[in-house]
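# Chain and residue survey
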Amino acid sequence: MTLALYVPRASVVHRLPAGVKLLSLAVLAVVVFVLPTPAAAGAALLGTLAVGLVAARLPVAVLARQARAVLWWVVALLVVHALTTDLATGVSTVLRLLTLVLAAAVVTATTRVSAMVAVVERACAPLRLLGVRPERVGLVITMALRFIPVLVERADRIRAAQAARGGSPRGVRVLRTTVAPLLVQVLQLAHDVSEALDARGADDVPPPRRRHPLETQ
C-alpha cells in the first residue's frame, strides 16, 4: 500500500496538533470494531470522507489512490465472507478496512512526519526506565515512512523496465521477474543505510552525564 504524503493546505485539520489526530485515529479504530455493523462502518466511512475532502480540503486523487491500493484485499474479503459467513459481515469488514485506510491517509496527508515522530518520541519517553531510547524509535518510524515511497518507486522502475523489454509477467513469473529483483534492491538499500548509520554513530550509547562537583555537595 502506498502512503499519502503531506499535502499542504490551510485547513482546520492541518492546524490540529499531531497528537490529537493520532489519538483520533486510534479512537476511530476502536469504535469501528466495537460497533461491527454495516451502518456504523458506513457512517464512519462517510465521516472520514467528509473530514478528508471537506474539512481538510484534500484532493480526491489522494484518497482514491489509497482505496485503489487495497482494492484486491477488499474484493477478496468480500468474497471470503460471502462464502463462509454472510454478505452483511463481508460488507461491514470491507467498510471498516476502507475507513481505517482512508483515515490513516488523511492523518499522513495533513500531518508532517516530523510532528508525528515527535509525538511518538514523547509517548515513548517513560520507556527510558526500561532502557528504550525514544530517539531510536522515532528514527525507525521516520525511516519506515521515508522508504515506503522509495520502494514503490523502485517497484515501478522494475515494471517499467520489463514493459520496455516487451514483457508483462503474470502469476508465478512475477515472483521471479519482479519480486526477486525488488528484494535484492531492498536488501542492498538496507545494507547501505545500516553502514551509513554506523558511520555516524547512530548505535552508540550516549555517555552518562557527569555531575558537577558543586552538585554533589
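It should be noted that the structure appears before, not after, this text.
A short tour of the structure in this document, coming up. Computed from a predicted structure; not experimentally measured. (Residues numbered from 1 in each chain as written. Predicted model: local features only at pLDDT ≥ 70, side-chain atom pairs only at ≥ 80, totals over all residues. Heavy atoms only, no water.)

Moving on, we get to the packing of helix 3 (residues 38-55) against helix 6 (residues 87-110). In the contact formed by helix 3 and helix 6, the axes pass within 8 Å of each other and the chain directions differ by 20°. As judged from the angle between their axes, helix 3 and helix 6 are roughly parallel. Note that helix 3 runs across helix 6; the crossing there is left-handed. Only Ala88, Ser92, Leu95, Arg96, Leu98, Thr99, Leu102, Ala103 and Val106 of helix 6 make contact with helix 3, whose side of the interface consists of Pro38, Ala41, Gly42, Ala44, Leu45, Thr48, Leu49, Val51 and Gly52. (Axes fitted to C-alpha atoms, helices over the stretch in contact; angles between N-to-C directions. Helix = DSSP H or I, 4+ residues; strand = E, 2+ residues; numbered from the N terminus. Parallel < 35°, antiparallel > 145°, perpendicular 65-115°, else oblique. Left-handed = near helix turned anticlockwise from the far one by under 90°. Contact = heavy atoms within 4.5 Å.)

Let us now look at the side chain of His81. When you line up the elements, His81 lands in helix 5 (residues 71-84). Take His81: its relative accessible area is 18%, and that puts it in the buried class. Excluding residues within four positions of it along the chain, His81 makes contact with Asp86, Thr89, Gly90 and Thr93. (Buried < 20%, exposed > 50% of the residue type's maximum accessible area, 1.4 Å probe, protein only.)

In this model, Arg57 sits at a positive phi of 55°, which is unusual for a non-glycine residue. Tracing the chain through its elements places Arg57 in the loop between helix 3 and helix 4 (60-69). Since its relative accessible area comes to 44%, Arg57 is described here as partly exposed.

Its place among the elements puts Thr108 in helix 6. In this structure the side chain of Thr108 is engaged in a polar contact, spanning 3.1 Å, whose partner is the backbone oxygen of Ala105. (Polar contact = N/O pair within 3.5 Å; in protein donor to acceptor, adjacent residues only side chain to side chain.)

Moving on, we come to the nonpolar core. With 18 residues, the main nonpolar core has Leu58 and Leu98 as its most contacted residues. Tallying contributions element by element places helix 6 first for this core, with eight residues. Setting aside anything within four residues of it in sequence, one finds Leu98 in contact with Leu45, Val70 and Val74. (Core = buried A, V, L, I, M, F, W, Y, C linked by side-chain atoms within 4.5 Å.)

Bringing a nonpolar patch on the surface into the picture now. On the surface, a cluster of nonpolar side chains totalling about 540 Å² of accessible area is made up of Leu23, Val27, Val30, Val31, Val34 and Leu35. Relative to the elements of secondary structure, Val31 occurs in helix 2 (residues 18-34). Residue classification places Val31 among the partly exposed residues on the basis of a relative accessible area of 38%. (Patch = residues over 30% accessible without salt bridge, like charges linked within 9 Å, V, L, I, M, F, W, Y side chains within 5 Å. Areas by Shrake-Rupley, 256 points an atom, 1.4 Å probe, with all protein chains shown as cover. Salt bridge = Lys/Arg side-chain N within 4 Å of Asp/Glu carboxyl O.)

On to helix 3. With 18 residues, helix 3 should cover 26 Å at 1.5 Å per step; its first-to-last C-alpha distance of 24 Å lies within 8% of that length. Residues Ala41, Gly42, Ala44, Leu45, Thr48 and Gly52 constitute the buried set of helix 3. On an axial view of helix 3, the arc spanned by its buried residues comes to 160°, and they lie on one face. Along helix 3, exposed side chains directed more than 90 degrees from the buried face belong to Ala39, Leu46 and Val54. On its buried side, helix 3 packs onto helix 2, helix 4 and helix 6. (Expected span 1.5 Å × (residues − 1). Arc of directions from axis to C-beta.)

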